[in-house]
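Examination of the molecular architecture
Each chain is listed here by its residues.
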Amino acid sequence: AYSDFVIRALGLQLRTRYHTKPNPQRVVVTFMARRSSGMWPEKRFCDSQTSFFLCEFVQHLGTRPLGRTIKNDKAVVDALKGLEQRSFANGAHVEFRDLDYSKLSFEEQIAANLDTDVMVGPHGAGLLHNIFMPDRAALVELFIDGSSANRHFHNLARWQGR
């Protein structure tokens, strides 16, 4: 219910797979990159007229430190991108996207989720985006810092049938 509320509030309901005829042979794999972009997204996309909070409350934020980064990020991206070149017995083809969600607006993030069949990313709050993915989509959670004991994203995906 929450995801539907957000999708409708952003006016993205026509981009869901309920309203579009998806190509069953197309599989979109989205890598949710976790890279330091320097600026906090809350600061980058703040607009006191439309934001939930006043921008003056986030002006003190400096460079955004990041934990849980993937040390072999390039190798992971290359391996996932390599899926585009593979042939599958059922004729499916993979489209790979390497997205840094901290550089996307909230609306752009949700739009990307609506068109993601497989989301891959490191353990972290960003994986909550799986609630906006289509039915039968899958989540691949990478445990990179001993966080494997934290099963909340695994459980959330499982409860949604992912």
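Whatever comes next refers back to the structure up there.
Quick summary incoming for the structure in this document. Here the residue index of a chain counts from 1 through its sequence in written order. Given that this is a predicted model, residues contribute local features only at a pLDDT of at least 70 and side-chain atom pairs are listed and counted only at 80 or more, while totals for whole chains, interfaces and linings are drawn from all residues. Hydrogens and waters are ignored; side-chain quantities use all the structure's heavy atoms.

This part is about the overall build of the protein. Per the convention used, a helix needs a DSSP run of H or I reaching at least four residues, while a strand needs a run of E reaching at least two, with both numbered from the N terminus. Helix and strand counts for the protein stand at five helices and four strands. In sequence order, the protein lays out its α and β elements as α-β-α-α-β-α-β-β-α. Relative accessibility under 20% of the residue-type maximum defines a buried residue, over 50% an exposed one, and the middle range a partly exposed one, all with a 1.4 Å probe and only protein chains included. Within the protein, the proportion of its 162 residues that are buried is 36%. What makes two residues a contact is simply this: any of their non-hydrogen atoms within 4.5 Å. In the protein, once contacts between residues fewer than 6 apart in sequence are set aside, the share between residues at least 24 apart is 63%. For every accessible area listed, the method is Shrake-Rupley and the probe measures 1.4 Å; residues are considered covered only by the protein chains on display. With an accessible surface of roughly 10000 Å², the protein has 54% of that area assigned to carbon and sulfur atoms.

Turning next to the layout of surface pockets. If you roll a probe as big as a water molecule over the atoms, it shows you where there is empty space left. Of the volumes computed, that of the second largest pocket is approximately 630 Å³. Using protein atoms alone on a 1 Å grid, points that fit a 1.4 Å probe yet trap it form a cavity, whereas open point sets bounded by protein on both sides within 12 Å along at least five of seven lines form a pocket; residues with an atom within 4 Å of a point count as lining. What lines the second largest pocket is a set of 27 residues, among which Arg17, Tyr18, Met133, Pro134 and Asp135 lie closest to the centre. Sort the elements by how many residues they give to the lining of the second largest pocket and helix α1 (residues 2-9) lands first, with four residues. Residues are grouped as follows: Ala, Val, Leu, Ile, Met, Phe, Trp, Tyr, Cys and Pro are nonpolar; Asp, Glu, Lys and Arg are charged; all remaining types, including Gly, are polar. In terms of residue class, the lining of the second largest pocket is made up of 13 nonpolar, six polar and eight charged. Grid points are joined across faces, edges and corners, and a volume is the space filled by probe spheres set on the points.

Here Gly82 shows up in the loop between α3 (73-81) and β2 (93-100). Separated by 12 residues in the primary sequence, Gly82 and Val94 place their C-alpha atoms 9.2 Å from one another.

With that out of the way, let us pick up a nonpolar patch on the surface. A grouping of Phe53, Leu54 and Phe57 is seen on the molecular surface, where their side chains present a nonpolar patch of about 270 Å² in accessible area. Note that Phe53 resides in the loop between α2 (41-44) and α3. On the basis of relative accessibility, which here comes to 30%, the residue Phe53 falls in the partly exposed class. Candidate patch residues must exceed 30% relative accessible area and have no salt bridge, after which like charges are joined if within 9 Å and Val, Leu, Ile, Met, Phe, Trp or Tyr side chains if within 5 Å. By convention in these notes, a salt bridge is any Lys or Arg side-chain nitrogen within 4 Å of a carboxyl oxygen on Asp or Glu.

On to the environment of Ser3, then. Residue position: Ser3 is located in helix α1. Take Ser3: its relative accessible area is 14%, and that puts it in the buried class. Setting aside its immediate chain neighbours within four residues, Ser3 contacts Ile131 and Phe132.

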